[in-house]
Amino acid sequence: MAKVIRKFGVMFFVTVILCLLFAGALYTSISNKTIFDANENLVVDSGDEKAVNYTPDYTLDGTNEEMAATWSQAIQASINEKSVKTVLLNNDWIAPATGNHLFGTGVGFWDGSGSLTIHKNANIIFDLNGHTISRGLSKDNAKSLGRVITVSTNSTLTIKDSSYNAETAKNTNVSHLSSLPFGKITGGANSDDAATAGNRLGGGIAVITGGTLNFYGGIVTGNYVVGNGAGIFVSEKSTLNF
């Protein structure tokens, strides 16, 4: 009887060890195949692409003014709650062809400029979702602070494009970046009549000293600046990850 018990004990011990080893191997496999985004939404690695399933905190659609108001809410919520907010662009956001080319009004914008602004202490994930955001300016009608996006000091902007498909990119006959069927940031035109030289930097995106830009998807094209960085300008002591 004692021998049977000892034999059973050894078998049980070996079984437990094998189970733990298997569980460890399974955990490693899952860990290598999955990650979580900033809002702890599951991102499944499907090979050369990532299939992302998530519910954004804010969705931009409707009229120009409605999208501007939603953007402002996202910025303010991120600052107030000290948390990352995910914003999904659900249709093209194009500045009006006439007037002052403002995207809208509210906390998400510099006064009088219309630049989409990530204000101090805000942390935003912006999914272009295959759509275009355009300031609607060109070299011929450039204006002071005419860039598309401003990333302020001590703020973070992560740009991605969940519509990206490697196979589509590979098989598209590209004569210009604007012909790729993915999210775009365009139409920024920054003139030289700003009050300070620093404001003349960046046509598409400007990252101000101490700001952070994570650029993980999308296309910056068709922007202009008199100073430096027609596409993206990153100031000293700022961070750009891509």
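So, how was this worked out
Residues numbered from 1 in each chain as written. Predicted model: local features only at pLDDT ≥ 70, side-chain atom pairs only at ≥ 80, totals over all residues. Heavy atoms only, no water. Helix = DSSP H or I, 4+ residues; strand = E, 2+ residues; numbered from the N terminus. Contact = heavy atoms within 4.5 Å. Buried < 20%, exposed > 50% of the residue type's maximum accessible area, 1.4 Å probe, protein only. Pairing = 2+ DSSP bridges. Core = buried A, V, L, I, M, F, W, Y, C linked by side-chain atoms within 4.5 Å. Salt bridge = Lys/Arg side-chain N within 4 Å of Asp/Glu carboxyl O. Axes fitted to C-alpha atoms, helices over the stretch in contact; angles between N-to-C directions.

A. How the structure looks around the environment of Leu89. You can see Leu89 is positioned in strand β5 (residues 84-89). Sequence-distant contacts of Leu89, defined by excluding residues within four places in its chain, comprise Leu60, Met67, Phe126, Asp127, Leu128, Asn129, His131, Thr132 and Ile133.

B. Representation of the pairing of strand β8 (residues 123-127) in the model. Most of β8 is tucked away: four of the five residues are buried. Bridging between β5 and β8 involves five bridges; their strand directions are parallel. What sits directly across from Thr86, in β8, is Ile125. Sheet topology places β8 next to strand β11 (residues 156-160); five bridges connect them, and they run parallel. Across the sheet, residue Ile125 finds its bridge partner in β11, namely Thr158.

C. Main features of the nonpolar core. Within the largest apolar cluster, 29 residues are counted, with the highest numbers of intra-cluster contacts made by Trp71, Phe126, Ile185 and Ile205. Looking at which element gives the most residues to this core, the answer is helix α2 (residues 64-81), with six residues. Leaving out residues up to four positions away in the same chain, Phe126 has contacts with Leu60, Trp71, Val87, Leu89, Ile133, Leu157, Thr158, Ile159 and Lys160.

D. Structural detail: the pattern of salt bridges. Under the criterion given, the structure shown has one salt bridge. The partner of Lys85 in a salt bridge is Glu81, with the nearest N and O atoms 2.7 Å apart. By relative accessible area, Glu81 is classed as partly exposed at 47%.

E. Summary view of the environment of Gly187. Of note, Gly187 is situated in the loop between β12 (184-186) and β13 (189-190). Put simply, Gly187 and Gly203 are 16 residues apart on the chain and 8.3 Å apart in space, counted from C-alpha to C-alpha. For Gly187, the contacting residues outside a window of four places in its chain are Ser134, Arg135, Gly136, Leu137, Val148, Thr221, Gly222 and Asn223.

F. Expanded view of the sheet that holds strand β19 (residues 239-241). Overall, parallel pairing links the six strands, which are arranged β4-β5-β8-β11-β15-β19 in an open sheet. The sheet is open, and its two borders are formed by β4 (58-60) and β19, each paired with just one other strand. Each adjacent strand pair in this sheet contributes to an overall mean axis angle of 15°, direction not counted. Across four bridges, the pairing between β11 and strand β15 (residues 212-215) is parallel. Along β15, the bridge assignment pairs Thr158 with Asn214.

These results come straight from atomic positions and should not be treated as a statement about function.
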